[in-house]
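# Coordinates in review
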Amino acid sequence: MSGAEPEAPAIRVRGLVNRFGSHVVHDGLDLDVRRGEILGVVGGSGTGKSVLLRSITGLLRPAAGRIEVFGIDVLSGSEEARATLDERWGVMFQDGALFSSLTVRENVEVPMRKVARLDPDLRRALADLKISLVGLPYLAGDKYPSELSGGMRKRAGLARALALDPDIVFLDEPTAGLDPIGAAAFDTLIRDLSRALGLTVFLVTHDLDTLYAVCDRIAVLADRKVLITGSLQDMQAVDHPWVHDYFHGPRARAALDAPSAGALQGGR
Amino acid sequence: MLDQDLRFDPAAPAEGASSLRIAGAATVATVDRLHAWLDGLGTGADRSIDIGEVARLDTAGAWALVTFERRLTEAGRHLDIRNAAAEARLVLDTVRGAMPAPDAPAPSPRGLIPLLDATGRRVAASTGKAAALTGVLGLFLARLARVLRHPREFRAIALVAHCDDVGLRAVPIVALMAFLIGVVLAFQGSAQLRQFGAEVFVVDLIAISVLRELGILLTAIIVAGRTASAFTAAIGAMKMREEIDAMRTLGLDPAVVLFVPRILALLLMLPILGLIANVMGLVGGALMAWIELGISPSMFRTRLIEGTDISHVIVGLVKAPVFALIIGVVGCHAGMQVSGNAESLGRMTSSAVVTAIFSVIVADALFSIFFAQVGL
């Protein structure tokens, strides 16, 4: 796109403070997401992973702090600058958050309507491409969200998030509630799309298999801030009790023993 | 805004040009121009296209190129995409692999037959709905009988809560409505009756119309709007979130837990609301008769007792339990019909209100015929 700020991170969060009443969720949280990487955000329940995602995407106004996406200030940037951001990111919510009164194809077409010059036939063809790209059968485009399974709804949500070929996608628990085969296929899908389209991926997850199969870096949320960011190897060396338990528990060992389970699945 | 810059060479589609070039951003913002340009090129010859100067190629731009490539291939020709950067090749390959293969749409029948088919289905569905409503009524009565035999299963707290919601909270609106109806009747009646010098009969007019018909009918209509919709929304939301399925697996009968307290609360409260409406209607009428015609409250009372039989009150209030059953059954039935999405909740809620009001008016008409026949 623009090479003006080649080294600037895709997302830069500084000193983020979020509180609900007297309950402090984030206190001075710092985070960088590099361009083109897949960052996995992990943390125990209630450590504010989703709150962080909602803060970055501007759905929740933090009490203090500074959030920049591609150098544009999300909190105090001008209205026009914020509007360009909406075209450069896509968000996939936990259960897809598809509009229940629209078919899957119409859901994918919703963001495309902002590009006024696309005529209906072209929009439809591009929506069909996105639906196929996330691995849904052609006929799923005519179905309503309530007629789809949970996994298909997630894929449809991803298709909508990718509709405008954004630079960043935010994925909130993309594999939660999927069967292991479906989850592995989704992991592969995310990695392939990220590589092919040069996507930066901000991934909130609990799924250790996803972390091992997909993520370039991992950020651990604990004690109201980002405790550590780094590769999986870095995580093994951390002696914080929660991080240690997380990456040395029986599930982590199982996921580690099958290091490329997701990578070997391949295809769909 | 997205980058809009895309240049073509040759600028206008030319049939003869075999080597093409595009430069700039081939993205979703420019795909309409790219697609139109490629569409204008014939399939008469092999082509090559140089995308070395394309700064950004996204899936939309790749889609346009791959669509053109397919068109040439179908015509027995070949498209050579040259100078693609590594990322661009990756995008093109991804899009090539994902190009949707449209299945043939199901043939849609035309003419008279589908019209008849749709009409028949609607008629069948409406009789089915009547049967389903009767089913809910029967279910309610059966569960009520069981609860009477096993009082421990009865949910008294739920009943009281629903009585509060259905009855007490409806008192202000019902009272105000009935008071205003009384005022309007007295005002209109006095204007007409004055022409014959029969002003005093305004008391009979108000008393009979309010006690016999309007008090209970309008109360039932207000309660249908307020309570049938609330029942449908509450039960429908529980259905959407699988709470009703959870109840069943826990051995709780939704009819006992949800239907009995709600419909019973309506059965108890609607006659009381009707009575309040009757009183307020008479008060409103008396006030207006006093102001407009100078009929003092004591005179109004005397005339009311002399001229109006107690049977009018009975005829009015005897309808209340029937209306209550209709409203409750329709509301609960519609709630159970809600399916997975938010739209069906809205549709069923409005359908519940319409069905409840319509059924109440039909029942009222049947009552009128019945009472006329038995001479009450």
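The shown structure was predicted, so the numbers you read here are calculated from the model rather than taken from an experiment. (Residues numbered from 1 in each chain as written. Chains lettered and ligands numbered in written order. Predicted model: local features only at pLDDT ≥ 70, side-chain atom pairs only at ≥ 80, totals over all residues.)

### Brief notes about the overall build of chain A
Quick note on the threshold: Segments assigned H or I by DSSP are reported as helices when at least four residues long, segments assigned E as strands when at least two residues long, and all are numbered from the N terminus. Only C-alpha atoms enter the radius of gyration, while the globule expectation follows 2.2 Å times N to the 0.38, with N the number of residues. What counts as a contact is two residues whose backbone-derived C-beta atoms lie within 7 Å of each other.
For chain A, the helix and strand inventory stands at 11 helices and 10 strands. Computed over C-alpha atoms, the radius of gyration of chain A comes to 18 Å, within 12% of the 18 Å expected from 2.2 N^0.38 for 268 residues, which places it in the range of a compact globule. By its C-alpha atoms, chain A is 55 × 45 × 40 Å across when sized along the principal axes. The contacts of chain A with a sequence gap of at least 6 include a subset with a gap of at least 24, amounting to 67%.

### Considerations on the overall build of chain B
Worth spelling out the cut-off: Exposure criterion: with C-beta atoms placed from backbone coordinates, a residue whose C-beta has 20 or more other C-beta atoms within 10 Å is buried, one with 12 or fewer is exposed, and one in between is partly exposed.
For chain B, the count of helices and strands is 13 helices and 4 strands. For 376 residues, the compact-globule estimate of 2.2 N^0.38 gives 21 Å, and the C-alpha radius of gyration of chain B, at 36 Å, exceeds that figure by more than 25%. If you line up chain B on its principal axes, its C-alpha atoms span 105 × 60 × 45 Å. Counting the 376 residues in chain B, one finds 36% classified as buried.

### Description of the sheet that holds strand β6 (residues 89-92) of chain A
All names here are of chain A. Definition in use: Any two strands are treated as partners once DSSP identifies two or more bridges connecting them. Axes here refer to lines fitted to C-alpha atoms; in helices the fit is confined to the stretch in contact. Angles between the N-to-C directions go from 0 to 180 degrees.
Pairing is mixed across the open sheet formed by 6 strands, whose spatial order is β6-β7-β8-β3-β9-β10. Every other strand in the sheet has two partners, leaving β6 and β10 (225-230) as the edge strands with one partner each. Ignoring strand direction, the axes of neighbouring strands in this sheet form an average angle of 15°. Pairing between β6 and strand β7 (residues 168-172): 4 bridges, direction parallel. Within β7, the residue paired with Met 92 across the bridge is Leu 171. Sheet strands in contact with helix α1 (residues 49-56) are β3 (38-43), β7, β8 (200-204) and β9 (217-222), and its direction is about 145° off that of β8. Sheet strands touched by helix α5 (residues 150-161): β6 and β7. Its angle to β6, the strand with the most contacts, is close to 165°.

### Details of unusual backbone geometry
Residue and element names in this part refer to chain A. For Asp 165, which is not glycine, the phi torsion reads 50° and is therefore positive. Owing to 25 C-beta atoms within 10 Å, Asp 165 belongs among the buried residues under this scheme. The backbone of Arg 224 sits at a positive phi, close to 65°, despite the residue not being glycine. Residue position: Arg 224 is located in the loop between β9 and β10. Arg 224 gets classed as partly exposed once you count the C-beta atoms within 10 Å, which come to 18.

### Concerning the domain arrangement of chain B
Quick reminder of the rule: In this document the domain limits rely on a domain assignment from an automatic tool or a database.
Split into domains, chain B comes out as domain 1 (6-98) and domain 2 (136-374). Domain 1 of chain B and domain 2 of chain B are separated by 70 Å when their C-alpha centres are compared.

### Describing the interface of chain B and chain A
Which entries qualify depends on this criterion: Three residue categories are used. Nonpolar comprises Ala, Val, Leu, Ile, Met, Phe, Trp, Tyr, Cys and Pro, charged comprises Asp, Glu, Lys and Arg, and polar comprises the others, including Gly.
At the junction of the two partners, chain B supplies 30 residues and chain A supplies 26 residues. Among the elements that line the side of chain B that touches chain A, the one with the most residues is helix α3 (residues 86-98) of chain B, at 6 residues. Per-class residue counts for the side of chain B that touches chain A are 16 nonpolar, 7 polar and 7 charged.

### A word on the sheet that holds strand β5 (residues 72-73) of chain A
Strand pairing in a sheet takes place through backbone hydrogen bonds and is either antiparallel or parallel in direction. Residues and elements named next belong to chain A. Within the open sheet, the 4 strands sit side by side as β2-β1-β4-β5. Their pairing is antiparallel. This sheet does not close on itself; its edge strands, each paired only once, are β2 (23-33) and β5. Where strand β4 (residues 64-69) lies against β5, 2 bridges are found, and the strand directions are antiparallel. Bridge pairing links Val 69 to Ile 72 in β5. Lying on the sheet, α1 is in contact with β1 (11-20), β2 and β4; it crosses β1 at an angle near 120°.

### Examining the pairing of strand β3 (residues 47-57) of chain B
All names here are of chain B. The condition that has to hold: With the strands aimed away from the viewer, a crossover counts as right-handed if its path from the first strand over the helix to the second runs clockwise.
Here 7 bridges tie strand β2 (residues 19-26) to β3, and the two strands are oriented parallel to one another. Note on β3: the bridge partner recorded for Leu 20 is Ile 49. Handedness of the crossover is the feature at issue here: the chain leaves β2, passes through helix α1 (residues 31-39), returns alongside β3, and the resulting connection is right-handed. Note: β3 against strand β4 (residues 79-82), 4 bridges, orientation parallel. Residue Ile 49 lies in a different strand from β4, and its bridge partner there is Ile 81. Crossover connection from β3 via helix α2 (residues 59-74) to parallel β4: handedness right-handed.

### So, the packing of α1 of chain B against α2 of chain B
Residues and elements named next belong to chain B. Note the threshold: Angle categories are assigned with fixed cut-offs, so that under 35 degrees is roughly parallel, over 145 is roughly antiparallel, 65 to 115 is roughly perpendicular, and the rest are oblique.
Where α1 contacts α2, the two axes come as close as 9 Å, and the packing angle between them is 10°. In terms of axis orientation, α1 runs roughly parallel to α2. In contact with Val 31, Leu 34, His 35 and Leu 38 of α1, α2 contributes Ala 60, Gly 61, Ala 64 and Phe 68. Here the contact of α1 with α2 is composed, by residue class, of 6 nonpolar, 2 polar and no charged.

### Regarding the nonpolar core
So the rule is basically this: In this usage, the nonpolar core is the set of buried Ala, Val, Leu, Ile, Met, Phe, Trp, Tyr and Cys residues whose C-beta atoms join them within 7 Å.
Counting residues in each nonpolar core, the largest one holds 109 residues, and the members touching the most others are Ala 159, Val 169 and Phe 202 of chain A. It is helix α6 (residues 180-197) of chain A that provides the largest number of residues to this core, a total of 9 residues. Once residues within four sequence positions are removed from consideration, Val 169 of chain A is found in contact with Trp 89, Gly 90, Met 92, Ala 161, Leu 162, Leu 199 and Val 201 of chain A. Leu 217, Ala 289, Val 353 and Val 360 of chain B belong to the second largest nonpolar core, which has 66 residues in total.

### Some points on helix α13 (residues 342-374) of chain B
Residues and elements named next belong to chain B. How we decide: Here the expected span of a helix is defined as 1.5 Å times the quantity of residues minus one.
If you check α13, its first and last C-alpha atoms are 48 Å apart, about what 33 residues at 1.5 Å a residue would give, namely 48 Å. Within α13, burial applies to Leu 345, Met 348, Thr 349, Ala 352, Val 353, Thr 355, Ala 356, Ile 357, Ser 359, Val 360 and Phe 367. Structurally, α13 contributes buried residues whose contacts are with α7 (202-240) and α12 (319-336). A positive backbone phi angle near 75° is found at Gly 375, which sits one or two residues after α13.

### Concerning the environment of Thr 30 of chain B
By the secondary structure assignment, Thr 30 of chain B is in the loop between β2 and α1. When the C-alpha positions of Thr 30 of chain B and Gly 61 of chain B are compared, they lie 7.8 Å apart, and in sequence the two are 31 residues distant.

### Considering the environment of Ile 81 of chain B
Residues and elements named next belong to chain B. Among the secondary structure elements, Ile 81 is positioned in strand β4. Expressed as a C-alpha distance, the spacing of Ile 81 and Ile 113, which sit 32 residues apart in the sequence, is 52 Å. Beyond its immediate stretch of four places on either side in the chain, Ile 81 contacts Ile 49, Ile 51, Leu 65 and Leu 92.

### Concerning the packing of helix α4 (residues 120-133) of chain A against α2 of chain B
Across the interface, α4 of chain A lies against α2 of chain B with an axial gap of 10 Å and an inter-helix angle of 105°. Taken together, α4 of chain A and α2 of chain B sit at an angle that is classed as roughly perpendicular. Note on element contacts: α2 of chain B touches α4 of chain A through Thr 59, Ala 60 and Trp 63 of chain B, opposite Leu 126, Leu 129 and Leu 133 of chain A. Its residues placed into classes, the contact of α4 of chain A with α2 of chain B shows 5 nonpolar, 1 polar and no charged.

### As for the confidence of the model for chain A
Residues and elements named next belong to chain A. The following threshold applies: Confidence of the predictor at the level of single residues is captured by pLDDT, which takes values from 0 to 100.
When pLDDT is averaged across chain A, the result is 82; 93% of the residues are at 70 or more. Scored below 50 in pLDDT, residues 1-5 makes 4 contacts in the model with residues more than four places away or belonging to other chains. pLDDT under 50 marks residues 260-268. Its contacts with residues more than four places away, or in other chains, come to 16 contacts.

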